[in-house]
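# Chain and residue survey
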Amino acid sequence: LTPLLVLSPPAVTSPCKILKCNSEFWAATSGSHHLGAEEAPEFCTALRAYAHCTRRTARTCRGDLAYHSAVHGIDDLMVQHNCSKDGPTSQPRLRTLPPGDSQERSDSPEICHYEKSFHKHSAAPNYTHCGLFGDPHLRTFTDTFQTCKVQGAWPLIDNNYLNVQVTNTPVLPGSSATATSKLTIIFKSFQECVDQKVYQAEMDELPAAFVDGSKNGGDKHGANSLKITEKVSGQHIEIQAKYIGTTIVVRQVGRYLTFAVRMPEEVVNAVEDRDSQGLYLCLRGCPLNQQIDFQTIRSAQATEGRARRKGPSLPAPPEAFTYETATAKCREKLPVEDLYFQSCVFDLLTTGDVNFMLAAYYAFEDVKVLHSNKDKLHLYERTRDLTPGNTAPTGTHPTLWVALLCLCWLCLL
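Now for a look at the structure at hand. (Residues numbered from 1 in each chain as written. Predicted model: local features only at pLDDT ≥ 70, side-chain atom pairs only at ≥ 80, totals over all residues. Heavy atoms only, no water.)

## Comments concerning the sheet that holds strand 2 (residues 137-139)
Selection criterion: For two strands to be treated as a pair, DSSP must find no fewer than two bridges joining them. Each helix corresponds to a stretch of at least 4 residues labelled H or I by DSSP, and each strand to a stretch of at least 2 residues labelled E; elements are numbered beginning at the N terminus. Between N-to-C directions, angles span 0 to 180 degrees; the directions come from axes that are lines fitted to C-alpha atoms, helices contributing only their stretch in contact. A contact between two residues is defined here by any heavy atoms of the two lying within 4.5 Å.
Strand order across the open sheet formed by 7 strands is 3-2-1-11-10-9-8, with antiparallel pairing between neighbours. What marks the edges here is a single partner per strand, and that holds for strand 3 (145-147) and strand 8 (226-232). Put simply, the sheet's adjacent strands are angled 10° from each other on average, direction ignored. Pairing geometry for strand 10 (residues 246-253) and strand 11 (residues 256-264), over 7 bridges, is antiparallel. Within strand 11, the residue paired with T247 across the bridge is R262. On top of the sheet, helix 10 (residues 355-370) reaches strand 1 (127-133), strand 2, strand 10 and strand 11; it is set at about 165° to strand 10, its chief contact.

See below:
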């Protein structure tokens, strides 16, 4: 992670206008690849206008992955089409997509279907899951559960096939409680399957298309191995990347976003330099200095009836919920007192916003669909983390129930 991303100031409404630049360029040039060489000057004109647009928004887009992707893409297209950087920049006429465009392409070739690429006698791939929700809570690919600060822009995934970056902003003025307000996903160009595609969502804007307006992988023969499906308008989208065996779910719950992914271990670990992936949150978790001591805060919540967050000088959180009412509210949707339940209680006490209960609920619903090991759906606190006098949550340790049953059996003898 570059210092540029870390220092990028969070904003509830992003001033970065790269989506506008992207849409103007793609609207102006859609279908240009079907044109002859005599149309190259018109394409170069649009490309120069695109570059000019990105320069205008450069200062406000310094930490935006979509912006950096666009800048590199422009340079590549300039070289490919032998375009001069000097010349007219007026936008060419808008074009309509020709019949038979790639949006309606037939099924992808076998090379663009991850599971079909395995030989019949090969072992099935192992899938892993990562999720981010609430204030914010992270479940890593190794089923580690953390509650983190991570304010600003942070990478969730960074491998040879895709990049995912989230931006977390304060939930309340003066509070260090944060939630995800922006999400950028870059699918890198892959063989004959897909062109590079960028998806971006922000608060109150959950599009059902990539930033260029398309809903699949572009113009390559395997374009349909990457598709966006809108499940609930403005609230729930799903991205299927079959060429890498990956499913991504993005939701808007209340004002904030949640993220969940199912990905093969082979793809998770496909990195050029594994040592440089220290801030890849889904793989390594949050840095220690960004993690919150969940146990200490939960104890404070239970004893004081409200959350104590990251330092005594911070303003008191909302008083909309007591520990008892927050627990009762969370139990409506999350009857098992696992870490999703505890996160729900934590967030209600911290923010006073009932939508955080729904975020925890939907995060667990996504786990049930995306996690390949149904025995690991629930996560619980480890026994050694419980201080004397604390009781383990209901169902926390199966071995405890075995011990109690044995004890009861002995009493009957």
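Here the narrative resumes, following the displayed structure.
## Considering the packing of aromatic side chains
Note the cut-off: Between the rings of Phe, Tyr and Trp (Trp by its six-membered ring), a pair exists once the centres lie within 6.5 Å; its type follows the angle of the planes, with under 30 degrees stacked, over 60 edge-to-face, and the other angles tilted. Each residue gets one of three labels from its accessible area relative to the maximum for its type: buried under 20%, exposed over 50%, partly exposed in between, using a 1.4 Å probe on protein chains only.
If you walk through the whole model with that rule in mind, you get 9 aromatic pairs. Between F133 and Y340, the aromatic rings sit 5.6 Å apart at their centres with planes inclined by 15°, giving stacked as the arrangement. One end of the pair, F133, is in strand 1; the other, Y340, is in helix 9 (residues 339-351), and 207 residues separate them in sequence. As far as burial versus exposure is concerned, F133 and Y340 are alike and both buried. An angle of 65° between the planes, with centres 5.7 Å apart, marks the rings of Y161 and F190 as edge-to-face.

## Regarding the sheet that holds strand 4 (residues 152-158)
With antiparallel pairing, 4 strands are arranged side by side in an open sheet as 4-5-6-7. Each edge of the open sheet carries a strand with a single partner, namely strand 4 and strand 7 (197-202). Across the sheet, the axes of successive neighbouring strands diverge by a mean angle of 20°, strand direction being ignored. Two strands pair when backbone bridges link them, and strand 5 (residues 162-170) and strand 6 (residues 178-187) are joined in this way by 9 bridges, in the antiparallel orientation. When the sheet's bridge partners are listed, Q165 is paired in strand 6 with T184. This element, helix 4 (residues 65-80), spans strand 5, strand 6 and strand 7 of the sheet and lies at about 20° to strand 6.

## Considering the nonpolar core
Rule in force here: Here the nonpolar core consists of buried residues drawn from Ala, Val, Leu, Ile, Met, Phe, Trp, Tyr and Cys, with membership extended through side-chain atoms lying within 4.5 Å.
Judged by nonpolar contacts, the single largest core of 46 residues is most densely connected at L156, I157, I185, F187, Y243 and F259. In terms of residues, this core owes the most to one element, strand 11, which gives 4 residues. In this view, I157 contacts F141, L162, N163, V164, F259, V261, M263, Y280 and C282; residues no more than four positions away in its chain are not counted. Among the nonpolar cores identified, the runner-up in size contains 22 residues, and C16, F25, L47 and C53 belong to it.

## Here's the deal with the state of the cysteines
Rule in force here: Any pair of cysteine sulfurs within 2.5 Å is marked as a disulfide.
Inspection of the entire model under this criterion finds 6 disulfides. Residue C112 pairs covalently with C193 via a disulfide, S to S 2.1 Å. One disulfide, between C112 and C193, carries an S-S torsion of -95° and so falls in the left-handed class. Note that C112 is positioned in the loop between helix 4 and strand 1 and C193 in the loop between strand 6 and strand 7, a separation of 81 residues in sequence.

## With respect to helix 8 (residues 323-333)
We count it as follows: Note that the arc is computed from the directions linking the helix axis to the C-beta atoms.
Buried within helix 8 are the following residues: Y323, A326, T327 and C330. Seen end-on, helix 8 carries its buried residues on one side only, within an arc spanning 100°. The outward face of helix 8, more than 90 degrees from its buried face, is lined by the exposed residues E324 and E332.

## Things to note about the environment of S189
Operational definition: Any pair of nitrogen or oxygen atoms within 3.5 Å is treated as a polar contact; in protein, a donor-acceptor pairing is required on top of that, and neighbouring residues in sequence qualify only through side-chain atoms on both sides.
Relative to the helices and strands, S189 resides in the loop between strand 6 and strand 7. Residue S189 is classed as partly exposed on the basis of its relative accessible area of 44%. In this structure S189 touches V194, D195, Q196 and K220, once residues within four positions along its chain are discounted. A polar atom in the side chain of S189 sits 3.4 Å from the backbone oxygen of V194.

## Regarding unusual backbone geometry
Its identity is not glycine, yet N82 carries a phi of approximately 55°, on the positive side. Tracing the backbone shows N82 in the loop between helix 4 and strand 1. A relative accessible area of 71% means that N82 is categorised as exposed. Non-glycine residue V150 carries a positive phi angle of around 35°.

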